[in-house]
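This is what each chain is made of:
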2 protein chains.
Amino acid sequence: MYRTHNCGELRISNQHNRVTLAGWVQRSRDLGGMTFVDLRDRYGITQLVFNMESDAALCEQARKLGREDVIQIEGEVFERSSKNKNIPTGEVEVIVTKLSLLNEAKTPPFTIEAETDGGEDLRMKYRYLDLRRPPLQANLKLRHKASIETRKYLDSLDFLEIETPYLIKSTPEGARDFVVPSRMNPNQFYALPQSPQTFKQLLMVSGYDRYYQIVKCFRDEDLRADRQPEFTQIDCEMAFVDQEDILRNFEGLVRHLFREVKGVELPEFKRMDYATAMEKYGSDKPDLRFGMEFVNLNDHAKNKGFKIFDEAEVVLGICVAGGAAYSRKELDAFTNFVKRPQVGAKGMVYVKYNEDETVKSSVDKFYTEEDLKVWLQASGAKPGDALFVLSGDLNSTRKQLNELRLHVAETQGLKDKNVFVPLWVTDFPLLEWDEESERFHAMHHPFTSPKAEDIGKMESAPGEIRANAYDMVINGVEVGGGSIRIHDRELQSKMFDLLGFSKEEAQQQFGFLMGAFEYGAPPHGGIAFGFDRLCALLGGYDNIRDFIAFPKNNAGRDVMIDAPDKLDSEQLKELYIDLVEKA
Amino acid sequence: MYRTHNCGELRISNQHNRVTLAGWVQRSRDLGGMTFVDLRDRYGITQLVFNMESDAALCEQARKLGREDVIQIEGEVFERSSKNKNIPTGEVEVIVTKLSLLNEAKTPPFTIEAETDGGEDLRMKYRYLDLRRPPLQANLKLRHKASIETRKYLDSLDFLEIETPYLIKSTPEGARDFVVPSRMNPNQFYALPQSPQTFKQLLMVSGYDRYYQIVKCFRDEDLRADRQPEFTQIDCEMAFVDQEDILRNFEGLVRHLFREVKGVELPEFKRMDYATAMEKYGSDKPDLRFGMEFVNLNDHAKNKGFKIFDEAEVVLGICVAGGAAYSRKELDAFTNFVKRPQVGAKGMVYVKYNEDETVKSSVDKFYTEEDLKVWLQASGAKPGDALFVLSGDLNSTRKQLNELRLHVAETQGLKDKNVFVPLWVTDFPLLEWDEESERFHAMHHPFTSPKAEDIGKMESAPGEIRANAYDMVINGVEVGGGSIRIHDRELQSKMFDLLGFSKEEAQQQFGFLMGAFEYGAPPHGGIAFGFDRLCALLGGYDNIRDFIAFPKNNAGRDVMIDAPDKLDSEQLKELYIDLVEKA
């Protein structure tokens, strides 16, 4: 036995217990004839005391200890004279009688504290040391708790966790697959799943009724802060349900998680259809912690001789509370923000509604004060507010104004980490037109069902068909998304036609699913949550990497283990593949 | 809402409720003016009644229903006149007033019943239909329950489930890796993990103290009934533990699973060291539901003029209870069994100890009755028993006699599926000599620590070093295995030397782990359970495929989705690989 207690366990009730502890040296300090060592493990910190007077040799031994050394001690628990109210063990200390150095530690390349001096590259390389830091330990504990609570909730609703395969088949739809050459089937490849989509649908055909899985998925896409080549989903599917059943059940799941993991009671989930979200916020994942709904100024701003607006498809504004107080410099900063290449606007028009009810605008030259007051009125501005206005074609302007709205909210501190506004966005378009390939793509995926009332448009106006698809959005983060699926072979086949598959391609790729639909497929639907992102949201972080034990960097590399790596030629030979040099 | 109740829910207390149900037509039969339909879902079966007299059109509609059609009905719950005591819903039936056909089903290629007429190939192709059969539904429910209970137990002991990466680095040790070409890092490859071994060790270095994960692992090996290219492990690791801590905690886990999943209270876990297991049973996973311990007859059987025994390294026997009653034909069958190429013995000697205390043996010519009675006495045989004897070199004879022992037990019905005898096999050899490559291999893996008292043999007699390694064996099935790990850089480095790694290779492959050992690695150890196999054991099956929703066949193929499959040349190009034709 290496220990009788862990380092977070001893209390005043343990006074005079003989104990054995083991852990890491967090810090040590010499005070007169005493040496104090903070001993750390996952559970907490316990103060150890070595006394020069009572055992000089032992105290000398303790004075040689360095940070992060692994030690084991025996000693007796005493009440502390100066208590530390900040930690649960702060009322006691252990007077040490025996000390063993279990493993010596070199000086770590960065400090193992909540705030560290290590840069990101260094911390990624020594991830096993970074993972010792309290914030990361708290994050991985939160993740564990979130997975336990997810399973508890779904288990209570009779969902079965069923594992689906990782070695599956590559499909041309969606993102790029990671593939795995098969040694036993030369020149053939498995693909790693982007999601267990078809398998969970087959499980519904098999009658499992309610399925879930917390499962790794893979996408070979270029990476960003909130994307990893491998990521985790809470993947769910239900049979004999309509959209309302799904929304109710999974609202319940997320409500449960916020309550149990974070101690937060979520407000009622709002609902908004896709068209409204785009119209009011220019985004299918609007952050509703703050207002600033878009105002269409076309009727008021066009045909008054200001060429830029006259030639624009739309003139859209947002009302910025307190915006009249912005200085010239601050306004310039907002203009510069929208002109950044990532946003892409040509400029920004402002209209200040001063406290004295005068108006000041960057387009004073083109509009009278009365004109501008009409704008202000249309946007609900009050004295002291300002209107920020962008113009151009509909899609770009919405996108840019969405960025500006979020930026203003950031600037004004409206993104309160302790406020959560959950929202269902519904009625997504079934298809989106891809200019490059000149064909329709499935907006969600090819298995999503069209709304019954829109099925008539499948030949006449496919672009206008709305889908039984829905996203859960919290504070502007898309937490999960799903759809009611097609369960009819004919309709599925028609869908593949619309997506430009030939009959042969559809049969070769998804024949098994369409076959399954012929043997009694129930109506079904589901949802998948991005578990990494959900954890980040619960933990109050933006970057999912902080909730993944061993993440990859932006080049898809694990710099700690140095993967990917070369293979030896023998391995390549066994797999019947050759390398092609990059041109 | 597709249903107000599921098909396993209605009871006599629901009498006169108006209900809506949905499910599959299990069977239907016409009786006079009535049609009875059994409606099935995951939860049970409910009897539906259609009455020609009260609604002829509806009844006609019902008579057109075929097996596996998906329907929705509305109706009223009534008490049944002839109750079915075999099912929980057997006291009621639903008189239907409305019927909707949700999806028609073609006639399935095999019957969807507990006993089916479909062959294995057909059932693999239509796995989604096979999965509807009650035994497979029961198996996947058992698997779900086992995973829930595993997590419940480990969570209660403060284990954290932490996900480790799937895209890692290929290592030359152990089985063959599946690999994944990296598009972003041309000519480099990830490997899929054979186990999260090094990551869980790093998590101990990071101070997570108690880790587990129910996780998919991958091995590109030729397949057998109890092997799949992807399989699931309960993977665990603990810091500041010795072997005793591990055995105690995980004995607890398996005891918990048998209790909660199977309702079985396991007896005390026996302990046996590897040397004893090999000596007494010729196997490191002995089935202890029955006796038949090996008896070494060297002292009694050699040097009496029987050349075969005289030239053999060992003469080993087992005492077969009641074996004196075997006919000549039965004895021949045992002889034929040991002569099968898979067993490989040259022949078998028997000694019958008849009820009248006379002796009859196949080596009567070479030994006197007194000689043979000494053998019988040495083996503890009683009148009515027989002795089965094999001879040859030590390793082969042990292996063959182990096979024979298991075969006799099978024949005699001693493998009782309701009896469970759990066992820890300990003190495995650290290394095994590989004749082919003329070097030592790690018997468990290169991170396993030698027993402290054997460390002195690392230079002098490496083959004799025992490891802190242990396997959990239940009824002859290796359920799990693990070890206390090396946590000292020097020792780990010495281990790689012994295994024939150059310093450079060791550094290139495992530098990150040895590096981690320099920054304060705690003593640690762990275990991994084969979850598929554990579920099969809990379910009373031999084949793990029956507990995997979508297994691969013996050629590593998923015949349902037809994977693996060819890639198009564009995909290969992006990955910088070319195909090599099989010679």
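It should be emphasised that the depicted structure is a prediction, and the values quoted were computed from it without experimental measurement. (Residues numbered from 1 in each chain as written. Chains lettered and ligands numbered in written order. Predicted model: local features only at pLDDT ≥ 70, side-chain atom pairs only at ≥ 80, totals over all residues. Heavy atoms only, no water.)

With that settled, consider the UniProt feature "binding site: ATP" (unreviewed entry) in chain A. UniProt tags Arg-219, Asp-220, Glu-221, Gln-228, Glu-478, Gly-530, Phe-531, Asp-532 and Arg-533 of chain A as "binding site: ATP" (unreviewed entry). Narrowing the list just given to those that line the largest cavity leaves Phe-531 of chain A. Mapping Asp-220 of chain A onto the fold places it in the loop between β9 (210-218) and β10 (230-239). In contact with Asp-220 of chain A, not counting residues within four places along its chain, are Arg-176, Asp-177 and Phe-178 of chain A together with Arg-183 and Leu-575 of chain B. One can find Gly-530 of chain A in strand β22 (residues 524-530). Overall, Gly-530 of chain A belongs to the partly exposed group, its relative accessible area being 25%. (UniProt positions renumbered as here; feature names shortened; annotations may be inferred. 1 Å grid on protein atoms, 1.4 Å probe; cavity = no way out; pocket = protein on both sides within 12 Å on 5 of 7 lines; lining within 4 Å. Helix = DSSP H or I, 4+ residues; strand = E, 2+ residues; numbered from the N terminus. Contact = heavy atoms within 4.5 Å. Buried < 20%, exposed > 50% of the residue type's maximum accessible area, 1.4 Å probe, protein only.)

On to the packing of helix α14 (residues 489-498) of chain B against helix α15 (residues 503-516) of chain B. Residue and element names in this part refer to chain B. Here α14 crosses α15 at 150 degrees, and the two axes come no closer than 11 Å. With respect to their mutual orientation, α14 and α15 come out roughly antiparallel. For the pair α14 and α15, the sense of crossing is right-handed. Contact residues: α14 offers Arg-489, Gln-492, Ser-493, Phe-496 and Asp-497, while α15 offers Lys-503, Ala-506, Gln-507, Phe-510, Met-514 and Gly-515. In terms of residue class, the contact of α14 with α15 is built from 4 nonpolar, 4 polar and 3 charged. (Axes fitted to C-alpha atoms, helices over the stretch in contact; angles between N-to-C directions. Parallel < 35°, antiparallel > 145°, perpendicular 65-115°, else oblique. Left-handed = near helix turned anticlockwise from the far one by under 90°. Nonpolar A, V, L, I, M, F, W, Y, C, P; charged D, E, K, R; others polar.)

Right, let's get into the pattern of salt bridges. For the structure on display, the rule yields 96 salt bridges over all chains. A salt bridge links Glu-237 of chain B to Arg-485 of chain B; the nearest nitrogen and oxygen atoms lie 2.7 Å apart. Highlighted residues: Glu-237 of chain B in strand β10 (residues 230-239) and Arg-485 of chain B in the loop between β21 (477-484) and α14, separated in sequence by 248 residues. Assigned by exposure class, Glu-237 of chain B and Arg-485 of chain B land together as buried. Among the charged side chains, a network of salt bridges with common partners joins Asp-427, Lys-451, Glu-453, Asp-454 and Arg-466 of chain A. (Salt bridge = Lys/Arg side-chain N within 4 Å of Asp/Glu carboxyl O.)

On to the relation of the copies chain A and chain B. The two copies are related by a screw motion: chain A maps onto chain B through a turn of 180 degrees and a shift of 0.0 Å along the axis, at an RMSD of 0.1 Å. Viewed as a symmetry operation, the transformation between the two copies matches a two-fold axis. Interface residue correspondence from chain A to chain B reaches 100%, placing this contact among same-surface, isologous pairings. (Least-squares fit on C-alpha atoms with pLDDT ≥ 70 in both.)

This part covers the sheet that holds strand β3 (residues 44-51) of chain B. All names here are of chain B. Here we have 5 strands rolled up into a closed barrel, ordered β1-β2-β3-β5-β4, and mixed in their pairing. Neighbouring strand axes in the sheet, compared pairwise and without regard to direction, differ in orientation by 55 degrees on average. Note that strand β1 (residues 18-31) and strand β4 (residues 70-79) share 7 bridges and pair antiparallel. Along β4, the bridge assignment pairs Val-19 with Gly-75. Across the face of the sheet, helix α1 (residues 56-63) comes into contact with β1, β2 (34-41), β3 and β5 (92-103) while running at roughly 65 degrees to β5. (Pairing = 2+ DSSP bridges.)

Below, the discussion takes up the environment of Gly-526 of chain A. Residues and elements named next belong to chain A. Secondary-structure assignment places Gly-526 in strand β22. Once the C-alpha coordinates of Gly-526 and Phe-159 are considered, the two residues, 367 residues apart in sequence, prove to be 12 Å apart. Discounting chain neighbours no more than four positions away, the residues touching Gly-526 are Cys-236, Glu-237, Ile-246, Tyr-470, Gly-482, Ser-483 and Arg-485.

So, about the pairing of β1 of chain B. Sheet topology note: the β1 of chain B/β2 of chain B ladder contains 7 bridges and is antiparallel. Along β2 of chain B, the bridge assignment pairs Asp-30 of chain B with Thr-35 of chain B.

Attention now moves to the UniProt feature "binding site: L-aspartate" (unreviewed entry) in chain A. All names here are of chain A. Feature annotation in UniProt places "binding site: L-aspartate" (unreviewed entry) on Glu-173, Arg-219, His-444 and Arg-485, given in this structure's numbering. Topologically, His-444 is positioned in the loop between β19 (439-442) and α13 (457-460). Residue His-444 is classed as partly exposed on the basis of its relative accessible area, which comes to 33%. Ignoring any residue separated from it by four or fewer positions in sequence, one finds His-444 in contact with Gly-481, Gly-482, Ser-483 and Arg-485. Here Arg-485 falls in the buried class, since its relative accessible area comes to 2%.

Moving on: the interface of chain A and chain B. Opposite the 125 residues of chain A that make contact, chain B presents 125 residues. Both faces considered, chain A and chain B share a buried interface measuring about 11500 Å² in area, 58% of it formed by carbon and sulfur atoms. Where chain A touches chain B, the interface holds 14 salt bridges. Between Glu-161 of chain A and Arg-151 of chain B there is a salt bridge, with the nearest N and O atoms lying 3.6 Å from each other. Where chain A touches chain B, the interface holds 75 residue pairs in polar contact (both at pLDDT 80 or more). It is helix α4 (residues 134-156) of chain A that contributes the most residues to the side of chain A that touches chain B, 10 residues altogether. For the side of chain A that touches chain B, the per-class residue count stands at 67 nonpolar, 22 polar and 36 charged. Inspection of the sheet shows strand β23 (residues 577-579) of chain A paired to strand β23 (residues 577-579) of chain B by 3 bridges, in the antiparallel sense. Pairing of Asp-578 of chain A across the sheet is with Asp-578 of chain B, part of β23 of chain B. (Buried area = accessible area lost by both parts, 1.4 Å probe. Polar contact = N/O pair within 3.5 Å; in protein donor to acceptor, adjacent residues only side chain to side chain.)

Looking now at the nonpolar core. If you look at the biggest cluster of nonpolar residues, it comprises 64 residues, and the most contacted ones within it are Tyr-128, Phe-550 and Met-560 of chain A together with Ile-162, Leu-202, Leu-203 and Tyr-208 of chain B. A total of 6 residues in this core trace back to one element, the largest contributor, which is α15 of chain B. Phe-440, Ala-467, Leu-499 and Ala-521 of chain A belong to the second-largest nonpolar core, a separate cluster that totals 63 residues. (Core = buried A, V, L, I, M, F, W, Y, C linked by side-chain atoms within 4.5 Å.)

Taking 1.5 Å of rise per residue, 20 residues should cover 28 Å, and helix α6 (residues 243-262) of chain B covers 28 Å from first to last C-alpha, within 8% of that figure. In terms of burial, α6 of chain B is a largely internal element, 15 of the 20 residues being buried. (Expected span 1.5 Å × (residues − 1).)

Next up on the list: unusual backbone geometry. Where the residue is not glycine, phi is negative for most of them; where a peptide bond is considered, it is trans in most cases. Between Ala-563 of chain A and Pro-564 of chain A the backbone carries a cis peptide bond, its omega angle lying at 0 degrees. Mapping Pro-564 of chain A onto the fold places it in the loop between α16 (531-539) and α17 (569-574). A positive phi angle is found at Asp-158 of chain A, which is not glycine, with a value near 70 degrees. In this structure, Asp-158 of chain A sits in the loop between α4 and β6 (160-161). We note that Asn-475 of chain B has phi near 55 degrees; this positive angle belongs to a residue other than glycine. The buried category is assigned to Asn-475 of chain B, whose relative accessible area is 8%.

Our next topic: the sheet that holds strand β15 (residues 359-361) of chain B. Residues and elements named next belong to chain B. The strand order across the open sheet formed by 5 strands is β12-β13-β16-β14-β15, and the pairing between neighbours is antiparallel. Of all strands in the sheet, those with a lone pairing partner are β12 (295-296) and β15, marking the two edges. Strands β12, β14 (349-353), β15 and β16 (386-392) of the sheet are contacted by helix α11 (residues 369-378), whose axis makes an angle of about 90 degrees with β14.

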